[in-house]
Amino acid sequence: MIDREQVLHVARLARLQLTDDEVERMAGELSSILGHIETISGLDLDGVEPTSHVVEVSNALRPDVPRPSLDREVALSQAPARTADGFLVPSPQA
Amino acid sequence: MSADVEYEPVIGLEIHVQLKTRTKMFCGCELSFGDPPNIHVCPVCLGLPGSLPVVNARAIHLGLMIGMAVGSELAPRSIFHRKNYFYPDLPKGYQISQFDLPLCLGGKLGDVRIHRVHLEEDAAKLTHVGESGRIHGSDSSIVDYNRGGTPLAEIVTEPDVRSAEQAREWLNMLRVTLRQLGVSDVNMEEGSLRCDANISIRPVGDTELHTKTELKNMNSFRYIERGIHAEVARQIEIVRSGGKVQGETLHFDPRTERITSLRSKEEAHDYRYFPEPDLVPITISAEMLDAARAEVPELPTARAERYASTLGLSDDAAKLLADRAELAAYFESVLEVDSVEPVAAANWVTELAARLDEGDPAGSKVEPRALASLIGLLSSKAINVGAARQVLDRLVAEGGDPLAIVEAEGLGAIGGGDELADAVAAAIAANPDVAEKIRDGNMKAIGPIIGHVMKATKGRADGGEVTRLVRQQLGL
């Protein structure tokens, strides 16, 4: 159901590098997941609202009041690479 | 398609406005502009594992106000989605946005229909660095996450715009509307208003939509107009030379006027949206609607319409006042003074505004009462227009009462009395050749005589009255 090309496409969108064996395995695993979805698609669901959330809660809102931010040194301490005041990353255009 | 076919542009606009909240969309970090990098960041807006977003109630409120201002249908239930793509300005690997259940659907502003208005979070700011010091070929970038997570409203129009000029004018109308709503600073230089244009062309008369390109992130209205012009010209050239327009994302360089492709097509628009599991739905209550409605003021388009239809102002004068809330407010306070004629009031508020640069007349030394009194002096012919302008200059500089200024400066008009008649007689005597031309029926030659009278009366004479006296004295 899911072919090699589709697996590679999804892998690229997810920035995953797969070996040939893994591509093969993923094609099988993803196909079985989609098979499950197809089983659901076979049910008569007319008039059933799509479930976007499993809890019946809405409007969990926050007042627009500032809260303390992190100290910059703390924030930057988690970065693999940094400058004096910023996160250093490979250029997305390189 | 051949060379003699006329093409028309079909343009839809996508506008991002940063909402004027105190804190970010999903966390309590303060909004900022120009602060040192990475000081308004927290686990939520840095996308650290285990952190959870919580929606800013004020952002929903401002979103509803925008929807009301453009006449949208406000969704009773609305949810957020994850828009998945990788870019370093987006720390989570996805942007929290809205997809099939946006906050506001439909609407119209001016003659352009609104498709939808939805809420999302802004990306961080990337600065490209590298060996070469140039953007292309640079090998690393620095991320400042201060802006990341700023609440944005994305306003999407229907493809109703037919020219670059219309795009610029409509965007200006939108900007003025949003500014008066108070939902955003709408400052293009600071990036609180940003615009993308979806552009296609079609033979005039065709009703179908053809392949469109997306012109990204133009940061001034002038660039938008020029960018659209350049892209429309590019597409017409492609089609006329037998080619096909490719759907792609483009960048307009205002310096070189060149258009370049931004992203490869295969990766674009494969965002794998799915409902954001970390946020529960928004259900709009009657209280939320009431609160939003209470904050929506009379908007520029409605106000201009009212000035034109009920006060008799020209469309241009009405728009000029309505587009600036402070001018409109001042104009209305002048009208509140007894029996001021609206058209004259509009003219003189405009005269005043021109003397104040961008300043608010309410903060000037000219009281609305003083301007009304100046207009009264003029309409009763106690002073002429030139004198009125001099009085206004004095009012702007020093404030005070127009009548007192007129008396102190001797600016009062010379009426139909002997003084003016004598001045006219002297002017005719001094310009016998001009008098001769007038007698021969050439009234246009009267200039030197009026000039003479004005000089003799220090500009206090009424031009119409002088003309009348000249004709009378020449027996015409």
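Residues numbered from 1 in each chain as written. Chains lettered and ligands numbered in written order. Predicted model: local features only at pLDDT ≥ 70, side-chain atom pairs only at ≥ 80, totals over all residues.

### Structural notes on the overall build of chain B
For chain B, the helix and strand inventory stands at 15 helices and 18 strands. In terms of overall dimensions, chain B is more spread out than a globule: its C-alpha atoms have a radius of gyration of 30 Å, far above the 23 Å expected for 476 residues. By its C-alpha atoms, chain B is 90 × 60 × 50 Å across when sized along the principal axes. Relative to its full complement of 476 residues, chain B shows a buried share of 41%. (Helix = DSSP H or I, 4+ residues; strand = E, 2+ residues; numbered from the N terminus. Rg over C-alpha atoms; globule rule 2.2 N^0.38 Å. Buried ≥ 20, exposed ≤ 12 C-beta atoms within 10 Å, placed from the backbone.)

### Details of the overall build of chain A
Of regular secondary structure, chain A possesses three helices and two strands. The order of helices and strands in chain A, counted from the N terminus, is α-α-β-α-β. Compactness check: chain A gives a C-alpha radius of gyration of 22 Å against a globular reference of 12 Å for 94 residues, more than 25% above the reference. With respect to the three principal axes, the spread of C-alpha positions in chain A is 55 × 45 × 20 Å. Counting over 94 residues, chain A shows a buried share of 7%.

### Topic: helix α2 (residues 20-41) of chain A
Compared with the 32 Å implied by 1.5 Å per residue over 22 residues, the 31 Å span of α2(A) between its first and last C-alpha is a close match. With zero of its 22 residues buried, α2(A) lies for the most part at the surface. (Expected span 1.5 Å × (residues − 1).)

### So, the interface of chain A and chain B
You'll often see interface size given as the accessible area lost when the parts meet. Each partner contributes residues to the interface: chain A has 32 residues there, and chain B has 41 residues. Contributing elements (two or more residues each) for the side of chain A that touches chain B: β1 (61-62), α3 (72-76) and β2 (87-90) of chain A. Considering each element in turn, the side of chain A that touches chain B owes the most residues, four residues, to β2(A). For the side of chain A that touches chain B, a count of residues per class yields 17 nonpolar, nine polar and six charged. In this structure, β1(A) lies alongside strand β2 (residues 55-56) of chain B, joined through two bridges in parallel fashion. Among the inter-strand pairings, Leu61(A) is bridged to a residue of β2(B), identified as Val55(B). (Contact = placed C-beta atoms within 7 Å. Nonpolar A, V, L, I, M, F, W, Y, C, P; charged D, E, K, R; others polar. Pairing = 2+ DSSP bridges.)

### Details of the domain arrangement of chain B
Residue and element names in this part refer to chain B. Looking at chain B, the domain boundaries give domain 1 (7-292), domain 2 (298-409) and domain 3 (418-473). Taking only C-alpha atoms, the centre of domain 2 and the centre of domain 3 are 32 Å apart. Contacts between the two partners involve four residues from domain 2 and, on the opposite side, four residues from domain 3. A breakdown of the residues in the side of domain 2 that touches domain 3 according to their chemical character gives one nonpolar, two polar and one charged. (Domains from an automatic or database assignment.)

### What to know about the nonpolar core
Residues and elements named next belong to chain B. Counting 76 residues, the largest nonpolar core has Val 17, Ile 66, Ala 167, Ala 197 and Ile 228 as its most contacted members. The contacts of Ala 167, once residues within four sequence positions are left out, are Ile 11, Leu 13, Val 161, Ala 197, Ile 224, Glu 225 and Ile 228. Residues Leu 320, Ala 328, Tyr 330 and Leu 352 belong to the second largest nonpolar core, which totals 54 residues. (Core = buried A, V, L, I, M, F, W, Y, C linked by C-beta atoms within 7 Å.)

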